[in-house]
Structure formats: C-alpha cells, structure tokens
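Geometric and topological summary
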Amino acid sequence: MKSSIAAKLAQLTLRLEELNHLLSAETVTANLDNYRKLTREHSEIAPVVELFQSYRRNEEDLQAAQEMVSDPALRDFAEAEIRDTRERLAQIEAELQLQLLPQDPNDDRSIFLEIRAGTGGDESALFAGDLFRMYARFAERNQWQVEVISQSPGELGGYKEIIAKIVGQGAYSKLKFESGGHRVQRVPATETQGRIHTSACTVAVMPEADEIVDVVLSPAELRIDTYRASGAGGQHVNKTDSAIRITHLPTGIVVECQEDRSQHKNKARALSVLAARIKDQQLRDQQRKTAATRKSLIGSGDRSERIRTYNFPQGRVTDHRINLTLYKIGAIMDGDLSEVTSALRAEHQTEQLSQLGEEAAA
C-alpha cells in the first residue's frame, strides 16, 4: 500500500476514535444539528476504518506465514497461506482506494430533469416524450417519485420542453451523467417513404438546491411576473393570473411555471427550479475550470455535447463518451438504464483512481 494512502487511513482511524468519544458524551444530543453531523460522519468513516483494520490483520497473517516458510514441515501450508493472503490484501486495497475517492456532496439529492426538443421538428418533440418516459420508468424501477413542474407539448405529441422533479435517495448519483445531447435515428411515424431521420434533444440533470446553504435568492435580484395560464384547465385557467415567470437578473435565467392553479404553488416550484439552475451553472463553471487542467472521460456536462445515439433500425444505443454499445434499445427506452449508468459511474471511478495515483506519486 502506498504510504500516502496508509497515512490517510491512519488519520481516519484517529478521527473515528474521536467521533466515538464525542458521540458517547451525555450532552451530545443537546445540539441536534451537530449530533446529526457527527453521526453522518461516523457512518461514512466507520466502514473504511473497519476495512483498513482487516487489511492490517491480513498483513500480520502474511508476516506470520512468511516466518513459517523456513520450517520444512510447514512450508507447503505457509506458501499457500502467503498466496491467499496476498490476494486478499490486493482485493482489500482496491476496495479501500474506492472508499477513499472524493464523494460528490450532491449524490444523495433529488434532481430536476429538463428535456428540450432540438433539431428535427415534430420528430424531436416525440423523441423528447420518449426520453421523458424512459427516465420516468427508470425512476419507477428505483421507487422514486416524478413530479412534472412545467411542460410545453409538441403539436403531434411529445414535448417541446418538459421539466420534472425526480424525488429519491441517490437520484443525482445515478443520473448525473445524463446531461448532454441525445440523438435519435429512426423512421418517423409521419414519414411515408420509410426514410431514416436524425433528430436530437438536450437533457439537463440538476441536483436539487438546498434553500438555506446552496443558493441565496435576493428579492432585489428577482423580477416576478404573473400571467394567465394557457392550455387545458377549463374556465378557471382564463380567469386568474396563476402562472408565474421569474427572471434572475444577475444571470438572466428565466423560469416559468403554470402547472398548478395556485399562484403560490407555482411560485414555490419556479423558485426551486431557479435555485437548481443557478446551482447547476455554478457546478458547470467549476467543472470547466477542472477540465481546463484535466479532461474527464465522462465529459464536461455541456448541453451541446453529443453523448448518446439511439439507433432504432439497428436496435442499438451507443454512449460515445465511453464507447459503450448495447443492442437492447427496447429495454433501455422502457427504463432499463442500469447497465448504462453503472458503466458511466465505473468509468468515472477509474478516472478518479488514476488521478488519485498521480497525486500520490507527485
């Protein structure tokens, strides 16, 4: 094990002892916020330290086996023990490296999902509808809730734009690499001569912002307009100014919401989307600075970056960032995204491990 990693693990061991001492104090629950913070840190560190202790025990077993090699009567046993212990040490070390990778603080959060039709006209809007159904089915498989915030239907179906909130533990960790350009190649329902068309949509996945910590929305920086909602909804829609448009003056970000009949609810939803968009912009600015010195294998998250192609005639889905091609387009469009999302997370971890190794060597 590299000395830098061993030193980091030793520090975590000492920190766990300190946390055990703090959590055993009679007054620890006097400050509930601090108590929750300590217990969260304890739950994160404890498995890593336990794994490190297992590594140390195996090191002791290896040393004992090496001392037995000199005894002719125990040599065969000792050599077998040495082989097995070295394999266990290598496996534990690999697990420890994964545990030590920097955690994305947004991984456990719910998300806002935005899908916008791009080039391709009506077919692009239909594809946006297909993508939304794919993510909604994936959310259902993970027992997450989906709430539509706003939508602009296409003329022949699908959506010109749709914004939804997906509420669930770890939603961002599984879907954060979905941001970017999605391209579809297929014969549209409106095509009479059977020609394959290419259309595109952009997807944005943004972690839900913590209202208190992440983004502070000053009333002086907001312009809030009300207007009458359009679309289905009966006579009520035309009688009240329930729709909300909020403009964040410093960034120019505009959010509209008219899904609810309550102006108050529409405003609350629009503010939550606005906070998420501002947070997302901050994250992407930070990622661009990082990418200036190091190119991520998963991509920059730029909306204009083409990340995936869905080829219906060939039944394949290709993620261009990691050269992954799967011939199961029907299952994927029905929400079976786990193979894709797992491969993207694994590639990201590989990149992080490479970076960790370079830092340790420096």
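What comes next concerns the included structure. Throughout this document, residue positions are counted from 1 along each chain, in the order its sequence is written. In keeping with the predicted nature of the model, local features appear solely for residues at pLDDT of at least 70, side-chain atom pairs appear and are counted solely at 80 or more, and the whole-chain, interface and lining totals rest on all residues. Heavy atoms from the whole structure form the basis of all side-chain values; hydrogens and water molecules are not counted.

Here we look at the overall build of the protein chain
Counting its regular elements, the protein chain contains 9 helices and 11 strands. Should any heavy atoms of two residues lie within 4.5 Å, those residues are considered in contact. Within the protein chain, counting contacts between residues at least 6 apart in sequence, those at least 24 apart form 61% of the total. A 1.4 Å probe and the Shrake-Rupley method give the accessible areas. Residues count as covered only by the protein chains that appear here. When the accessible surface of the protein chain is split by element, carbon and sulfur atoms take 48% of a total near 20,000 Å². In this description a helix means any DSSP run of H or I spanning at least four residues, a strand means any run of E spanning at least two, and both kinds are numbered starting from the N terminus.

Digging into helix α3 (residues 75-99)
For an α-helix, 3.6 residues make a turn, and residues three or four places apart therefore share a direction. If you check α3, its first and last C-alpha atoms are 36 Å apart, about what 25 residues at 1.5 Å a residue would give, namely 36 Å. A78, I82, T85, L89, I92, E93 and L96 are the residues of α3 that are buried. Buried residues belonging to α3 abut α1 (3-23) and α2 (32-68). Working rule for helices: expected span equals 1.5 Å times residues minus one. Remark: exposure states derive from per-residue accessible area (1.4 Å probe, protein chains only) relative to the maximum for the residue type, with buried under 20%, exposed over 50%, and partly exposed in between.

Topic: the sheet that holds strand β1 (residues 111-117)
Ordered in space as β2-β3-β1-β5-β4-β9-β10-β11, the 8 strands form an open sheet in which the pairing is mixed. Every interior strand has two partners, whereas the edge strands, β2 (145-153) and β11 (324-326), have only one. Pairwise comparison of adjacent strand axes, ignoring direction, gives a mean angle of 15 degrees for this sheet. At least two DSSP bridges between two strands are needed for those strands to be called paired. Summarising the sheet, strand β9 (residues 306-311) and strand β10 (residues 316-319) pair through 4 bridges and their orientation is antiparallel. The residue of β10 that forms the bridge with T309 is T318. To define axes, lines are fitted to C-alpha atoms, for helices over the stretch in contact only, and angles between the resulting N-to-C directions are given on a 0 to 180 degree scale. In the packing of helix α4 (residues 122-141) onto the sheet, contacts are made with β1, β2, β3 (159-167), β4 (180-186), β5 (197-207) and β9, and the angle to β4 comes to roughly 115 degrees.

Details of the nonpolar core
Definition of nonpolar core: a set of buried residues of the types Ala, Val, Leu, Ile, Met, Phe, Trp, Tyr and Cys, connected through side-chain atoms within 4.5 Å. Within the largest apolar cluster, 36 residues are counted, with the highest numbers of intra-cluster contacts made by L113, I115, L131, Y135 and Y310. At the level of elements, β1, α4, β3, α5 (171-175), β5, β11, α8 (329-333) and α9 (338-361) are the ones that each hand at least two residues to this core. Ranked by residue count, the leading element in this core is α4, at 8 residues. Discounting chain neighbours no more than four positions away, the residues touching Y310 are F127, L131, M134, H182, R183, V184, Q185, R316, V317, I329 and M333. One finds I149, V215, I253 and V273 within the second-largest nonpolar core, a separate group that totals 18 residues.

Regarding α1
Here α1 contains 21 residues, and its C-alpha end-to-end distance of 30 Å stays within 8% of the 30 Å for a straight helix at 1.5 Å per residue. Among the residues making up α1, those that are buried are I5, L9, T13, L16 and L19. Each buried residue of α1 lies within a common arc of 125 degrees when the element is viewed along its axis, so the set occupies one face. For α1, the exposed residues set more than 90 degrees away from the buried face come down to S3, Q11, L14 and H21. In this structure, the buried residues of α1 make contact with α2 and α3. The arc in question is formed by the directions pointing from the helix axis toward the C-beta atoms.

Considering unusual backbone geometry
At Q143, a residue that is not glycine, the phi angle is positive and equals roughly 60 degrees. For Q143, the position within the fold is in the loop between α4 and β2. Phi angles above zero are rare outside glycine, and N323 is one such case at about 55 degrees. The residue N323 is located in the loop between β10 and β11 in this model. With a relative accessible area of 69%, N323 lands in the exposed category.

Some thoughts on the pattern of salt bridges
Where charged atoms of side chains with opposite charge meet at close range, the side chains can pair. In what follows, salt bridge is the name for a side-chain nitrogen of Lys or Arg lying within 4 Å of a carboxyl oxygen of Asp or Glu. Here the structure, examined in full by the defined rule, presents 23 salt bridges. A salt bridge links R137 to E140; the shortest N-O distance between them is 3.0 Å. Of this pair, R137 and E140 are both found in helix α4, 3 residues apart, which corresponds to roughly one turn of the helix. Where R223 meets D225, a salt bridge forms, and the shortest distance between an N and an O atom there is 3.6 Å.

A word on the sheet that holds strand β6 (residues 222-227)
With antiparallel pairing, the 3 strands of this open sheet are ordered in space as β6-β7-β8. Two strands lie at the open edges of the sheet, namely β6 and β8 (253-257), each paired on one side alone. Taking the axes of each pair of neighbouring strands and ignoring which way they run, one obtains an average angle of 15 degrees across the sheet. Bridging between β6 and strand β7 (residues 243-248) involves 6 bridges; their strand directions are antiparallel.

Geometric values such as these leave the question of function open.
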